[in-house]
Amino acid sequence: MTGESNKVNFLAQKRAGVLIPLFSIYSKNTYGCADFNDLKLAVDWVKETGNSILQLLPMNEMGSTCCPYDALSSFALDPLYISLLDLPFPKDKSIKRQILNLKNNSFSSAKFVDYALKDEKLRLLREIFLIDSALESKEWLIFKDTNSYWLNDFVLYKTLKNNNQGAAWYDWSEKFKHRDKQTLDKFREEHSNEINFESWLQWQAYEQFKEVKDHAFRQRILIKGDLPILVSRDSSDVWSRPDYFKLEFAAGAPPDLYCAKGQRWGMPTYNWKQIVDDKYKYLKEKLKLAENFYDILRIDHVVGLFRIWSIPYNDPLENQGLNGFFDPAYEPDWGAHGRKILEVMLNSTKMFLCAEDLGVIPRACIDTLKELGIPGNDVSRWVKDWNVLHDFLEAKDYRQISVSMLSTHDTTNWAAWWENEAGTVDEALFVRKCSDQRGIGFDKVKDNLFNPLLSKHGRLRWKEEINSIDKLVKGLSPTGAFPQEHLRDFIDLWENSFREKNKLWKHLGLSGAMREKCDSQIMQAVLKFSLDTNSVFCINTIFDWLYLAGLLEGDSYQYRINTPGTVTNINWSLKIPLPLEDLLKHKITSEIREMVKASGRV
């Protein structure tokens, strides 16, 4: 496959889709978190709404942070999503009773996913495994042989991790940590049943996920998967192939408008020289497995294939991404580096490739994606003329080869952005700019510039009277100690955020005075705008659609999938407020269908 054929297959028809994290949905038969059987219901709902793409977050097995982008493997699926009722086991009364008890547990009624559910499911899955009569079936043997590249190492790693009370591989004893062959062979022999269990889990998840893909095909729904650019430091990948990684560094992102200190993700960066020397087999095997489940694949943080922000691993955590650097270091090398990797991917898969290209993106990355026909992301809140007009672009001016959207899994939902972030600047960033080599007293200028009643959640809203650059400069430097030319970075912030809500209100064609609180009329206008953009795909989150229906009660800020740079028990655990069966019957389903139909997206 070439970049040209990547265009031909999918770019001829504009499509609409919905991003649905699997952990966010549930059915009336769910035990507190969706499973693969529920995913079939999600496919049905997507079809009923007139959309043709169902986008998922990564489905890899998550570690202790329960983050799908910090997984224990680039390959293994999370057994949390295995449907217990779809397993091929004898109708054992004890098992059926335990499944019923699990359904009646408090897991089901919780507003957020309680990942303690996974331990309960694994305990039940182990019992089912022990009575499964098909332990050495032909299908399982084929699965093990076909996936031997990653499966053998993963099941051994997982069994070792379980036997080390969940400790990371780099905290194991030396012989296990450094993969002493004789020690590992002995461990395999002594723990063969546990290793088989881990292999059986992966087989069951694989078969159930493939059934979802078949169901989606029959419904003419495309499934879009997500390929994380990185993998956890504590993962089977890093333990089994440490030469593919630079363990002395932690990946992250440089400081920007929304993260004043940048971000430190913690995962190791790649040693691309070694991966290239092995003819990209590691990358090709990921794509080979993903083809079983997906029609379209999102390449996470694609700019990291061109150059990645690398932070010395021993740098203090409180510095976040401040002290990082780009790898490769030499900017003229970035274009060829990223292009070669993307060309290998295009030539190694039948899936249509998309890319997440948010943040500060070098020209080489933008040009390469366009030349290869790989759509990037156009998030409406950031699709602006940042340099001249400082205003939002019209729908017709969105990139044709792109995916338009209102929100991502790492941002606030659109309503929360409207109410709390539009027309604001990041407080931490502003404080740092005040103190950075200038010594401007933030506490002294804060009251001059910002409205305290409309500033919250770490965001600062400009006062309406700060309506010119002269007034901004005077508010920052009342004594004139800092002339305008020394405050250009503050001016840039102001030009791109002052009265941002008023600009967008006009842009959307809304009538009357601008309203601070988001409502269904505003939400409908912005969703319609998103559907009407020039982008070939328009994919919005299920939470932005449900806000239109008035189903998300209370402060919109609480409905967030993830807050970057934080580890909490509410990240990656947000659930919709009603089961899929009820959502299928809800009037919002037909309303969405009418909006999608009117947009001409098939």
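The rules we used
- Residues numbered from 1 in each chain as written.
- Predicted model: local features only at pLDDT ≥ 70, side-chain atom pairs only at ≥ 80, totals over all residues.
- Heavy atoms only, no water.
- Helix = DSSP H or I, 4+ residues; strand = E, 2+ residues; numbered from the N terminus.
- Rg over C-alpha atoms; globule rule 2.2 N^0.38 Å.
- Buried < 20%, exposed > 50% of the residue type's maximum accessible area, 1.4 Å probe, protein only.
- Contact = heavy atoms within 4.5 Å.
- Areas by Shrake-Rupley, 256 points an atom, 1.4 Å probe, with all protein chains shown as cover.
- Lys, Arg positive; Asp, Glu negative; His and termini not counted.
- Charge placed at Lys NZ, Arg CZ, Asp CG, Glu CD.
- Pairing = 2+ DSSP bridges.
- Arc of directions from axis to C-beta.
- Polar contact = N/O pair within 3.5 Å; in protein donor to acceptor, adjacent residues only side chain to side chain.
- Salt bridge = Lys/Arg side-chain N within 4 Å of Asp/Glu carboxyl O.
- Axes fitted to C-alpha atoms, helices over the stretch in contact; angles between N-to-C directions.
- Parallel < 35°, antiparallel > 145°, perpendicular 65-115°, else oblique.
- Left-handed = near helix turned anticlockwise from the far one by under 90°.
- Disulfide = S-S within 2.5 Å.

### Observations concerning the overall build of the chain
Alright, step 1. Along the chain, the regular secondary structure elements total 24 helices and 18 strands.
Alright, step 2. Relative to its length of 602 residues, the chain is compact, with a C-alpha radius of gyration of 25 Å against a globular reference of 25 Å.
Alright, step 3. Dimensions of the chain, computed from the C-alpha atoms along their principal axes, are close to 80 × 55 × 50 Å.
Alright, step 4. The buried share of the chain, reckoned over its 602 residues, is 57%.
Alright, step 5. Considering only intrachain contacts with a sequence separation of at least 6, the fraction spanning at least 24 residues in the chain is 76%.
Alright, step 6. Split by element, the accessible area of the chain, about 25500 Å² in all, is 51% carbon and sulfur.
Alright, step 7. For the chain, the distance from the average position of its 79 positive side-chain charges to the average position of its 83 negative side-chain charges is 3 Å.

### As for the environment of glutamate 594
Alright, step 1. Checked against the element boundaries, glutamate 594 lands in helix H24 (residues 587–599).
Alright, step 2. Separated by 338 residues in sequence, glutamate 594 and aspartate 256 have C-alpha atoms that sit 38 Å apart.

### Describing the sheet that holds strand S6 (residues 263–264)
Alright, step 1. The antiparallel open sheet is built from four strands, whose spatial order is S6-S5-S9-S10. Pairing within the sheet leaves two strands with one partner each, and these edge strands are S6 and strand S10 (325–327).
Alright, step 2. Pairing of strand S9 (residues 308–312) with S10 involves three bridges; the strand directions are antiparallel. Within S10, the position partnered with serine 310 by the bridge is phenylalanine 325.

### Overview of the pairing of strand S12 (residues 376–379)
Alright, step 1. With burial as the criterion, each face of S12 is covered, one bearing Gly376 and Asp378 and the other bearing Asn377 and Val379.
Alright, step 2. Relative to strand S15 (residues 402–405), S12 is paired through four bridges, and the arrangement is parallel. Bridged to valine 379 within S15 is methionine 405.

### Some details on helix H16 (residues 427–435)
Helical geometry note: an α-helix holds 3.6 residues per turn, so side chains three or four residues apart project in the same direction.
Alright, step 1. Among the residues of H16, Leu429, Phe430, Lys433 and Cys434 are the ones counted as buried. One side of H16 carries all its buried residues, which in axial view fall inside an arc of 135 degrees.
Alright, step 2. Buried residues in H16 make contact with strand S16 (424–426), helix H17 (442–449), strand S17 (459–461), helix H18 (469–476) and helix H19 (488–497).
Alright, step 3. Between a side-chain oxygen at the N-terminus of H16 and the backbone nitrogen of alanine 428 the separation is 3.1 Å; the capping residue is aspartate 426.

### Digging into the pattern of salt bridges
Alright, step 1. All told, the structure shown has 42 salt bridges when counted by the stated rule.
Alright, step 2. In this structure, arginine 399 and aspartate 378 form a salt bridge, with 2.8 Å as the shortest nitrogen-oxygen distance. With arginine 399 in the loop between strand S14 (391–392) and S15 and aspartate 378 in strand S12, this pair connects stretches of sequence that are 21 residues apart.
Alright, step 3. With a relative accessible area of 31%, arginine 399 lands in the partly exposed category.

### Things to note about the packing of helix H2 (residues 36–48) against helix H9 (residues 192–218)
Alright, step 1. It is the contact of H2 with H9, at a shortest axis distance of 9 Å, that shows an interaxial angle of 15 degrees. Of the possible angle classes, the one that applies to H2 and H9 is roughly parallel. Between H2 and H9 lies a crossing of right-handed hand. Within the contact between the two elements, H2 uses Phe36, Leu39, Lys40, Val43 and Asp44 and H9 uses Ala205, Gln208, Phe209, Glu211, Val212, His215 and Ala216.

### Section: the sheet that holds strand S2 (residues 53–55)
Two strands in a sheet stick together by hydrogen bonds in their backbones, pointing the same way (parallel) or opposite ways (antiparallel).
Alright, step 1. In spatial order, the strands read S11-S8-S3-S2-S1-S18-S15-S12; together these eight strands make up an open sheet with parallel pairing. Of all the strands in the sheet, the pair left with one neighbour each is strand S11 (352–355) and S12. Adjacent strand axes in the sheet meet at a mean angle of 30 degrees, parallel and antiparallel pairs treated alike.

### Here we look at the environment of tyrosine 313
Alright, step 1. Positionally, tyrosine 313 belongs in the loop between S9 and S10.
Alright, step 2. On the accessibility criterion, tyrosine 313 (35% relative accessible area) is partly exposed.
Alright, step 3. Put simply, tyrosine 313 and leucine 247 are 66 residues apart on the chain and 7.7 Å apart in space, counted from C-alpha to C-alpha.
Alright, step 4. Excluding its chain neighbours within four sequence positions, the residues that come into contact with tyrosine 313 are Arg233, Leu247, Glu248, Phe249, Ala250 and Arg264.

### A short note on the pairing of strand S18 (residues 537–541)
Alright, step 1. Counting buried positions along S18 gives five out of five residues, so the element sits mostly inside the fold.
Alright, step 2. Two elements, strand S1 (residues 15–19) and S18, share five bridges in a ladder whose sense is parallel. Following the sheet pairing, arginine 15 is matched in S18 by phenylalanine 537.

### Regarding the state of the cysteines
Alright, step 1. Throughout the structure, instances matching the rule amount to zero disulfides.
Alright, step 2. Not part of a disulfide, cysteine 67 finds its nearest cysteine sulfur in cysteine 66, a span of 9.2 Å.
Alright, step 3. Here cysteine 518 stays unpaired: no disulfide links it, and the sulfur of cysteine 538, its closest cysteine neighbor, is 16 Å away.
Alright, step 4. The class for cysteine 518 is buried, based on a relative accessible area of 4%.

### Comments concerning the side chain of serine 380
Alright, step 1. By the secondary structure assignment, serine 380 is in the loop between S12 and strand S13 (384–385).
Alright, step 2. Beyond its immediate stretch of four places on either side in the chain, serine 380 contacts Phe392, Tyr398, Met405, Leu406 and Trp414.

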